[in-house]
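Results of the structural survey
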Amino acid sequence: MLEKKRKRITLKIGTRVLTDDQNRIDREMIANIADQVADVRGSGVEVVLVSSGAVGSGLGILGLDKKNISLSEMQAAASIGQSHLMNIYNEFLTKRGYVAGQMLLTQEDFSDRRRFLNIKYTLNTLLKHKAVPIVNENDSVSTNEIKCGDNDRLSGLVADLADSDMLVILTDVDGLYDEENRVIGCVGDITGDIRALCKGKGCFESTGGMITKLEAVKNATHAGIECVIAGGKNKNVFADIVKGKSIGTKFNARQRTVKARKRWIAFSLKAKGSIVIDEGAEKAIVEKKKSLLPSGIIKVDGTFSDGDVVEVISKERSVIARGLSNYSAVEISKIMGKKSAEIEKELGYKDYDEVVHRDNLVVVEKE
Ligand code: GLU
């Protein structure tokens with residue numbers, strides 16, 4: 001007999017949903033979320049939670065103002081806030097027979113393929129037990145260089161890694177608004193026009209603004225995951241979305257055409273530099289699905305090593321692909337514009353003919 005396909009949902013909750021205007025954690029809100037998660041789990045749907053609120057609640061406890069503090073104070077706030085937050089989640093989940101499983105991650109955990117896969121195994125194991133995985137950025141150790149960025153991006157990465165069917169992002173606005181300030185019910189593709197809507201309500205560009213949400217949603221929908229952005233303060237909103245009610249803005253899943261390893265290259269890794277290429281190379285990569293050779297490169301930017309992710313940029317300066325570079329930025333600056341047969345003459349050695357092999361290259365869809 002075929003095993004019934006399990007359903008899994010990643011739920012992201014923003015700081016503003018969880019805290020009041022004095023940065024205090026709203027216990028009732030967490031009780032409500034824990035209840036909804038337990039109800040959804042009880043209906044046979046697995047839930048991976050990505051919860052913000054560590055820094056916010058830590059600042060509240062310490063009586064600090066985000067605007068005037070150092071990085072180490074912010075990290076101390078995260079450390080205090082995170083354990084406070086988890087205690088409250090645990091208190092309410094336990095009442096419903098579940099236990100919280102904390103997972104604190106940084107960009108490095110996504111960049112290392114082995115660690116990346118380990119996160120997946122741990123999530124799966126937590127979900128096999130009566131545990132609710134609660135993921136957050138490891139803010140008490142992460143600095144800008146190793147940060148995932150924001151929890152919207154993190155939730156998109158987690159949704160894909162956890163093989164979710166749906167990503168629900170709960171925030172303090174009711175969805176994506178059109179020019180007349182009405183919530184848009186459904187979005188097909190995240191085009192330039194959709195991005196342009198990010199000027200109005202809920203579209204502040206800070207951490208957790210609508211732009212970062214759309215970025216996360218774009219990656220998730222390309223991984224075949226349906227997404228919903230909705231107002232998190234509304235009672236039962238998550239459970240109602242899971243039941244199929246039309247709430248907030250829904251983003252249709254795309255057909256999953258890019259394999260898991262390539263999605264990992266395209267979305268999970270952060271680019272360390274960029275390579276500008278000529279029109280011939282652009283055509284070869286986009287239309288003929290070829291590798292990137294040194295002859296088509298006209299400029300290299302950033303300091304990266306071999307094995308790092310680079311953005312491949314057209315002459316018009318738009319990103320057309322992302323991939324793992326076989327050569328460092330210094331090496332590329334010596335071989336760009338040259339034929340592959342000349343690599344050895346320029347460098348004194350040759351490891352590869354291609355700067356980015358097509359197996360490690362993902363073409364980014366044009367908007
Ligand atoms: N990781 C941060 C926190 O828990 C939140 C970052 C974000 O919301 O993007 O406070």
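Residues numbered from 1 in each chain as written. Predicted model: local features only at pLDDT ≥ 70, side-chain atom pairs only at ≥ 80, totals over all residues. Heavy atoms only, no water.

Now for the overall build of the chain. Within the chain, the regular secondary structure consists of 14 helices and 13 strands. Relative to its length of 367 residues, the chain is compact, with a C-alpha radius of gyration of 22 Å against a globular reference of 21 Å. Dimensions of the chain along its principal axes, counting C-alpha atoms only, are 70 × 50 × 45 Å. Counting only residues that meet the buried cut, the chain has 51% of its 367 residues in that class. Once local pairs closer than 6 in sequence are excluded, the contacts in the chain between residues at least 24 apart make up 72%. Carbon together with sulfur atoms contributes 49% to the accessible area of the chain, which is approximately 17600 Å² in total. One finds the centroid of the 56 positive side-chain charges in the chain at a distance of 4 Å from the centroid of its 52 negative side-chain charges. (Helix = DSSP H or I, 4+ residues; strand = E, 2+ residues; numbered from the N terminus. Rg over C-alpha atoms; globule rule 2.2 N^0.38 Å. Buried < 20%, exposed > 50% of the residue type's maximum accessible area, 1.4 Å probe, protein only. Contact = heavy atoms within 4.5 Å. Areas by Shrake-Rupley, 256 points an atom, 1.4 Å probe, with all protein chains shown as cover. Lys, Arg positive; Asp, Glu negative; His and termini not counted. Charge placed at Lys NZ, Arg CZ, Asp CG, Glu CD.)

Quick look at the sheet that holds strand E3 (residues 99–105) now. The eight strands lie next to each other as E3-E4-E2-E1-E5-E7-E8-E6, forming an open sheet whose pairing is mixed. If you trace the sheet from one side to the other, it starts and ends with E3 and strand E6 (186–187), each paired once. Along the sheet, helix H9 (residues 210–222) makes contact with strand E1 (7–13), strand E5 (166–171), strand E7 (226–231) and strand E8 (249–251), crossing E7 at roughly 155 degrees. (Pairing = 2+ DSSP bridges. Axes fitted to C-alpha atoms, helices over the stretch in contact; angles between N-to-C directions.)

Taking burial as the measure, the five residues of strand E11 (residues 309–313) include four buried ones, the bulk of the element. Pairing of strand E9 (residues 273–277) with E11, which is carried by four bridges, proceeds in the parallel orientation. What sits directly across from Ser-274, in E11, is Glu-311. Relative to strand E12 (residues 319–324), E11 runs antiparallel, the two being bridged by five bridges.

This next bit is on the nonpolar core. Core analysis: the biggest nonpolar cluster contains 37 residues, and Leu-11, Tyr-89 and Phe-238 have the highest contact counts within it. Of the residues forming this core, the biggest block, eight residues, is contributed by helix H2 (residues 27–42). Here Phe-238 is in contact with Ile-9, Leu-11, Gln-36, Val-37, Val-40, Val-47, Val-168 and Leu-170, once residues within four sequence places are set aside. (Core = buried A, V, L, I, M, F, W, Y, C linked by side-chain atoms within 4.5 Å.)

Let's shift gears to the packing of aromatic side chains. Note on aromatic pairs: each is described by the distance of the centres and the angle between the planes. Taken as a whole, this structure holds three aromatic pairs when the rule is applied. Geometrically, the ring pair formed by Phe-110 and Phe-116 is edge-to-face, given 6.3 Å between the ring centres and 70 degrees between the ring planes. Residue classification places Phe-110 among the buried residues on the basis of a relative accessible area of 0%. The structure contains a cluster of three or more aromatic residues connected by ring pairs, namely Phe-110, Phe-116 and Trp-264. Note that Arg-113 overlies the ring of Trp-264, its terminal NZ or CZ placed 5.0 Å from the centroid. The ring of Tyr-98 has Lys-130 sitting right over it, with the charged end atom 4.5 Å from the ring centre. (Phe/Tyr/Trp six-rings, centres within 6.5 Å; stacked < 30°, edge-to-face > 60°. Lys NZ or Arg CZ within 6 Å of the ring centre and 35° of its normal.)

Attention shifts here to the side chain of Gln-82. Within the secondary structure layout, Gln-82 lies in helix H4 (residues 71–95). Excluding residues within four positions of it along the chain, Gln-82 makes contact with Ala-54, Gln-102, Leu-104 and Asn-136.

Summarising the element assignment, Thr-171 is placed in strand E5. Judged by relative accessible area, which is 7%, Thr-171 ranks as buried. A distance of 3.3 Å separates polar atoms of two side chains, one belonging to Thr-171 and the other to Asp-172. Among residues more than four places away in sequence, those in contact with Thr-171 are Val-17, Lys-213, Ile-229, Ala-230, Gly-231, Gly-232 and Lys-233. (Polar contact = N/O pair within 3.5 Å; in protein donor to acceptor, adjacent residues only side chain to side chain.)

Right, let's talk about the pattern of salt bridges for a bit. Between side chains of opposite charge, a pair can form when the charged atoms approach closely. The final tally for this structure, using the stated rule, is 21 salt bridges. For Asp-189, the salt bridge is made with Arg-254, and the minimal N-O distance between the two is 3.2 Å. Pair noted here: Asp-189 is in the loop between E6 and helix H8 (192–196) and Arg-254 is in the loop between E8 and helix H11 (260–268), with a separation of 65 residues, a long-range link. On the accessibility criterion, Arg-254 (25% relative accessible area) is partly exposed. Shared partners join several salt bridges into a network, and the residues in it are Lys-12, Asp-152 and Lys-213. (Salt bridge = Lys/Arg side-chain N within 4 Å of Asp/Glu carboxyl O.)

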